[in-house]
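Chain by chain, the residues:
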Amino acid sequence: ALYGLLVGVGVFFVWVAPEMFLGLSSAAQTERATPSPYDPAVCTWALTIAKIAASAFVISIAEELFFRVWLVDFAGFWWMVALFAVEHGERWHVGALAGIAYGLIAKRFGIYSAIIAHATTNLILGLWVVCCDRWEFW
C-alpha cells in the first residue's frame, strides 16, 4: 500500500509539474478561459465532490482492472501503455508515463497497489484542480 501511495503522489507531480513550473501552454490557456462544468460556480459543490469521488474511487478501479489486468493479458504491456496514453488525450505523454508506473507497480506488488496508486493520483489531482482553480486538468 505504501508503494501505491508513493507512486500515486509521484504520478500526480509528473502530471502537473510541467505546467506548474514552466507555465501554461496555449491550449491550457484556452481551456482556462472556458468555464468547467465541474466548477461549483457553474454546477454545485455536490457535483464537484461527486466528480472527485468518482475519479478517485470508481474510474481508477475500473481503469486498473481493464488496463493492468485484462488488457495486459490480452495485448501485452506496451499496448496497454499505448492505449492508456491515447485515452489521456493531449497529455498522452504523461498518460504513457502513468501507464508504465501503474503497470510496473501492478506487476511487482499486485493490482491493489496499482489501484491505490491510481486512486491517490486522481484524488490529489481532483483536490488540486478545485483548490488551485486549474479546471483544464479535468
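Residues numbered from 1 in each chain as written. Predicted model: local features only at pLDDT ≥ 70, side-chain atom pairs only at ≥ 80, totals over all residues. Heavy atoms only, no water.

## A short note on the overall build of the protein
Moving on, step 1. When its secondary structure is counted, the protein shows six helices and zero strands.
Moving on, step 2. In summary, the protein has a C-alpha radius of gyration of 15 Å against a globular reference of 14 Å for 138 residues, a match within 12%.
Moving on, step 3. Taking the principal axes of its C-alpha atoms as reference, the protein extends roughly 40 × 30 × 25 Å.
Moving on, step 4. Within the span of the protein, comprising 138 residues, buried residues form 40% of the whole.
Moving on, step 5. Contacts spanning at least 24 positions in sequence make up 66% of the contacts within the protein whose residues lie at least 6 apart.
Moving on, step 6. Per element, the accessible surface of the protein, about 7,600 Å² overall, is 73% carbon and sulfur.
Moving on, step 7. Here the protein carries 7 positive and 10 negative side-chain charges, and the mean point of each set is 7 Å from the other. (Helix = DSSP H or I, 4+ residues; strand = E, 2+ residues; numbered from the N terminus. Rg over C-alpha atoms; globule rule 2.2 N^0.38 Å. Buried < 20%, exposed > 50% of the residue type's maximum accessible area, 1.4 Å probe, protein only. Contact = heavy atoms within 4.5 Å. Areas by Shrake-Rupley, 256 points an atom, 1.4 Å probe, with all protein chains shown as cover. Lys, Arg positive; Asp, Glu negative; His and termini not counted. Charge placed at Lys NZ, Arg CZ, Asp CG, Glu CD.)

## Some details on helix 5 (residues 92-109)
Moving on, step 1. Between its first and last C-alpha atoms helix 5 spans 25 Å; for 18 residues at 1.5 Å apiece the expected length is 26 Å, and the two agree.
Moving on, step 2. Along helix 5, the residues classified as buried are Val94, Gly95, Ala96, Ala98, Gly99, Tyr102, Gly103, Ile105 and Ala106.
Moving on, step 3. Where helix 5 is buried, its residues meet helix 1 (2-22), helix 3 (45-75), helix 4 (77-87) and helix 6 (111-132).
Moving on, step 4. Among the residues trailing helix 5, glycine 110 stands out with phi positive, at a value near 105°. (Expected span 1.5 Å × (residues − 1).)

## Concerning the packing of helix 4 against helix 5
Moving on, step 1. It is the contact of helix 4 with helix 5, at a shortest axis distance of 7 Å, that shows an interaxial angle of 140°. Judged on the interaxial angle alone, helix 5 and helix 4 are oblique. With respect to the hand of their crossing, helix 4 and helix 5 are arranged in right-handed fashion. Here Phe77, Trp78, Met80, Val81, Phe84 and Ala85 of helix 4 lie close against helix 5, whose contacting residues are Trp92, Gly95, Ala96, Ala98, Gly99, Ile100, Tyr102, Gly103, Leu104 and Lys107.
Moving on, step 2. In terms of residue class, the contact of helix 4 with helix 5 is built from 12 nonpolar, three polar and one charged. (Axes fitted to C-alpha atoms, helices over the stretch in contact; angles between N-to-C directions. Parallel < 35°, antiparallel > 145°, perpendicular 65-115°, else oblique. Left-handed = near helix turned anticlockwise from the far one by under 90°. Nonpolar A, V, L, I, M, F, W, Y, C, P; charged D, E, K, R; others polar.)

## Structural notes on unusual backbone geometry
Moving on, step 1. At aspartate 133, a position not held by glycine, the phi torsion is positive, near 55°.
Moving on, step 2. The topology assignment puts aspartate 133 in the segment after helix 6.
Moving on, step 3. Under the relative-accessibility criterion, aspartate 133 is labelled partly exposed at 40%.

## Observations concerning a nonpolar patch on the surface
Moving on, step 1. Judged by side-chain polarity, Ile61, Leu65, Phe66, Val69, Trp70 and Phe74 come together as a nonpolar surface patch covering roughly 580 Å² of accessible area.
Moving on, step 2. Here tryptophan 70 lies in helix 3.
Moving on, step 3. Residue class for tryptophan 70 comes out partly exposed when judged on its relative accessible area of 44%. (Patch = residues over 30% accessible without salt bridge, like charges linked within 9 Å, V, L, I, M, F, W, Y side chains within 5 Å. Salt bridge = Lys/Arg side-chain N within 4 Å of Asp/Glu carboxyl O.)

Read these as layout, nothing more, since geometry by itself doesn't imply function.
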